[in-house]
Amino acid sequence: MSDAWRVLSGAPLRRDEAVAVWDPVVRLCHWLLVAALTVSAMTGFLLGLPTLAWHLAAGGVVAGVLLVRTVWGVLGGPYARFAGFAPSRAAVRAHVAGLVAAALRANAARAGGLRAVLRAGVEREAAHERHLGHNPLGALMVFALLLVSALLVASGTVALGGLYKQGPLRAFVSSAFAGDVYALHQPLAIVLLVLVSVHVLGVGFESLRGRESLVRAMVTGRKPRMPAAVAVRAARPHKLAAAGLGAALLLAGGFGIAALAALPGRGVPPARLDPVYADQCGACHLAYSPSLAPASTWRGILVDLQHHFGQDATLSAAQVAHIRAYLIANSAEHWDSYPARMMLRPAADGSRRLTAAPGWQRMHRGIPEAVFRSKAVYRRSACDACHTDAASGRFAPQRIVMPEGAGS
């Protein structure tokens, strides 16, 4: 068995057979990014908004890894530095030309019989340009993965701040702008999935072509010393400077994010309700945030309280006037939160029920009717049965908790 095939098969390398390539920082960043992007994809594409907390945690890990990898890409060792493996156009063209020529030789060999196949294999070994670090196409893929990951973090942060009024941009981003940015977030995620798939295929192809396990190398950090490889520009890692700068940026970023996230959200309705409204309306059902309906709906509801959705909710003229003024002054038109924007348009049939509004219907589509009929929920308008922050009008996805027995 050849040395190259022993490497590919996973046989352990003797110290004199191997050379250190991927340092611990590179390997840790690589596998943390793999784990975080996997969680992000699963929560974003498969599990939905109730797992937003996990999605945000994974996004935070991605952001931290990108920061550390960027610092190490400037101050790290020869195989970690961006300048050490950033390819020139000529190098990319030559690498692609070599792959095309190898494919043509292989195709011709298959047509020429066993002897031609063996001869082509010998020529391939002689012509194979081996890179201990990234080859030119692999380097471009690294930069593409880092760039798209950074764009995903940025677009997700904007969307979080504007739509859900959370995170460091909650005080600055409008929901309209955030909605436009969010429209790019999922396509970027799909682009990243495509890049990851191509990257995995490329790793498999290069492992077979070069007869060495690249996955194993990213675990151990070492590659076989032979055959000869393209030289990498020597660079001394500045470990202390990188550690200090990375730690400073992470700490500054953490404190900065916490400080910005503590600012009042732009256009967020106040969580505290008017006491007269909360006392009179909250005596029979959840006192809904005024931001959950337009002014026209609130006016219509207060017109005939004697027949209030099948109940007599008569109040004094002074109380009605007070509640009307409060609801209209704080109706959906006045706020920039995602629930307020979704509930701004009333039902087309003139119904004043909040659950008949197109926004409510859209946000609850796909929920089985059995959930609303269950004893745990008991009616469609019981927002507080599943939304633990319903009274505030915030309706954060992380605060959705399906009650035990819902749907039974």
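The structure presented is a predicted model; accordingly, all values stated were derived computationally and were not measured.

Thresholds applied
Residues numbered from 1 in each chain as written. Predicted model: local features only at pLDDT ≥ 70, side-chain atom pairs only at ≥ 80, totals over all residues. Heavy atoms only, no water. Helix = DSSP H or I, 4+ residues; strand = E, 2+ residues; numbered from the N terminus. Buried < 20%, exposed > 50% of the residue type's maximum accessible area, 1.4 Å probe, protein only. Contact = heavy atoms within 4.5 Å. Areas by Shrake-Rupley, 256 points an atom, 1.4 Å probe, with all protein chains shown as cover. Patch = residues over 30% accessible without salt bridge, like charges linked within 9 Å, V, L, I, M, F, W, Y side chains within 5 Å. Salt bridge = Lys/Arg side-chain N within 4 Å of Asp/Glu carboxyl O. Phe/Tyr/Trp six-rings, centres within 6.5 Å; stacked < 30°, edge-to-face > 60°. Lys NZ or Arg CZ within 6 Å of the ring centre and 35° of its normal. pLDDT = per-residue confidence, 0-100. Axes fitted to C-alpha atoms, helices over the stretch in contact; angles between N-to-C directions. Parallel < 35°, antiparallel > 145°, perpendicular 65-115°, else oblique. Left-handed = near helix turned anticlockwise from the far one by under 90°. Nonpolar A, V, L, I, M, F, W, Y, C, P; charged D, E, K, R; others polar. Expected span 1.5 Å × (residues − 1). Core = buried A, V, L, I, M, F, W, Y, C linked by side-chain atoms within 4.5 Å.

(A) Looking closely at the overall build of the protein chain. Along its length, the protein chain carries 16 helices and four strands. For the protein chain, the proportion of its 408 residues judged to be buried stands at 38%. Within the protein chain, counting contacts between residues at least 6 apart in sequence, those at least 24 apart form 70% of the total. Working note: accessible area of the protein chain is about 22500 Å², and carbon and sulfur atoms make up 66% of it.

(B) Structural view of a nonpolar patch on the surface. A contiguous nonpolar patch, built from Met 42, Phe 45, Leu 46, Leu 47, Ile 190, Leu 193, Val 194 and Val 198 and spanning about 740 Å² of accessible area, is present on the exposed surface. Those elements that provide at least two residues to the nonpolar patch are helix H2 (24-47) and helix H8 (175-210). Structurally, the position occupied by Met 42 is in helix H2.

(C) Geometry of the packing of aromatic side chains. Following the criterion strictly, the structure yields seven aromatic pairs and no others. Judged by centre distance (6.1 Å) and plane angle (90°), the ring pair of Phe 82 and Phe 85 falls under edge-to-face. Taken together, the positions of Phe 82 and Phe 85, both in helix H4 (residues 82-85) and three residues apart, correspond to about one turn of that helix. Considering the side-chain rings of Trp 360 and Phe 372, the 5.8 Å spacing of their centres and the 40° angle between planes classify their relative orientation as tilted. Separated by 12 residues along the polypeptide, Trp 360 in helix H15 (residues 358-363) and Phe 372 in helix H16 (residues 369-373) bring together distant segments of the chain. The pair formed by Trp 360 and Phe 372 is uniform in burial state, with each residue classed as buried. Taken together through their ring pairs, the aromatic side chains of Phe 82, Phe 85 and Phe 143 make up a single cluster. In this arrangement the basic side chain of Arg 380 is found over the ring face of Phe 372, its NZ or CZ atom lying 4.6 Å from the centre.

(D) Broad picture of the confidence of the model for the protein chain. Taken residue by residue, the protein chain gives an average pLDDT of 88. The fraction at 70 or more is 89%. Note on residues 120-127: pLDDT under 50 across the span, and seven contacts to partners over four residues away in sequence or across chains.

(E) Just the pattern of salt bridges, in detail. Here the structure, examined in full by the defined rule, presents four salt bridges. Here Arg 209 and Glu 206 are joined by a salt bridge, their closest N and O atoms 3.3 Å apart. Of this pair, Arg 209 and Glu 206 both sit in helix H8, three residues apart, roughly one helical turn. What makes Arg 209 buried here is its relative accessible area of 12%. Given the relative accessible area of 14%, Glu 206 is considered buried.

(F) Region of the structure containing the packing of helix H7 (residues 136-163) against H8. Relative orientation of the contacting elements H7 and H8 amounts to 155°, with a least axis distance of 8 Å. Classed by the angle they form, the pair H7 and H8 counts as roughly antiparallel. Classified by chirality, the crossing of H8 by H7 is left-handed. Among the residues making up the contact of H7 with H8, the classes are represented as 20 nonpolar, eight polar and no charged.

(G) Spatial organisation of helix H3 (residues 52-75). Its 24 residues place the ends of H3 35 Å apart at the C-alpha level, agreeing with the 34 Å of an ideal helix rising 1.5 Å per residue. Looking at H3, one finds that the buried residues are Leu 52, Ala 58, Val 62, Gly 64, Val 65, Leu 66, Arg 69, Val 71, Trp 72, Gly 73 and Leu 75. In this structure, the buried side of H3 is in contact with H2, H4, H7 and helix H10 (239-261).

(H) Structural detail: the nonpolar core. By size, the foremost hydrophobic cluster in this structure holds 29 residues, and its most contacted members are Tyr 277, Tyr 288, Trp 298 and Leu 327. Within the residue set of this core, elements represented by two or more residues are helix H11 (275-281), helix H12 (295-303), helix H13 (317-329) and H16. In this structure, Leu 327 is in contact with Tyr 277, Pro 290, Trp 298 and Leu 302, ignoring residues within four places of it in sequence. One finds Cys 29, Val 65, Phe 82 and Ala 139 within the second-largest nonpolar core, a separate group that totals 20 residues.

(I) Structural view of the side chain of His 308. Structurally, His 308 is set in the loop between H12 and H13. Excluding its chain neighbours within four sequence positions, the residues that come into contact with His 308 are His 285, Ile 301 and Ala 313.

(J) Layout of the packing of H12 against H13. Axis separation between H12 and H13 bottoms out at 9 Å; the angle between their running directions is 165°. The orientation of H12 relative to H13 falls into the category roughly antiparallel. Here H12 runs over H13; the crossing is right-handed. In this structure, H12 uses Ala 295, Trp 298, Arg 299 and Leu 302 to contact H13, whose residues at the interface are Val 320, Ile 323, Arg 324, Leu 327 and Ile 328. For the contact of H12 with H13, the residue count by class is seven nonpolar, no polar and two charged.

(K) Spotlight on the side chain of His 387. Within the element layout of this structure, His 387 appears in the segment after H16. Given a relative accessible area of 14%, His 387 falls into the buried group.

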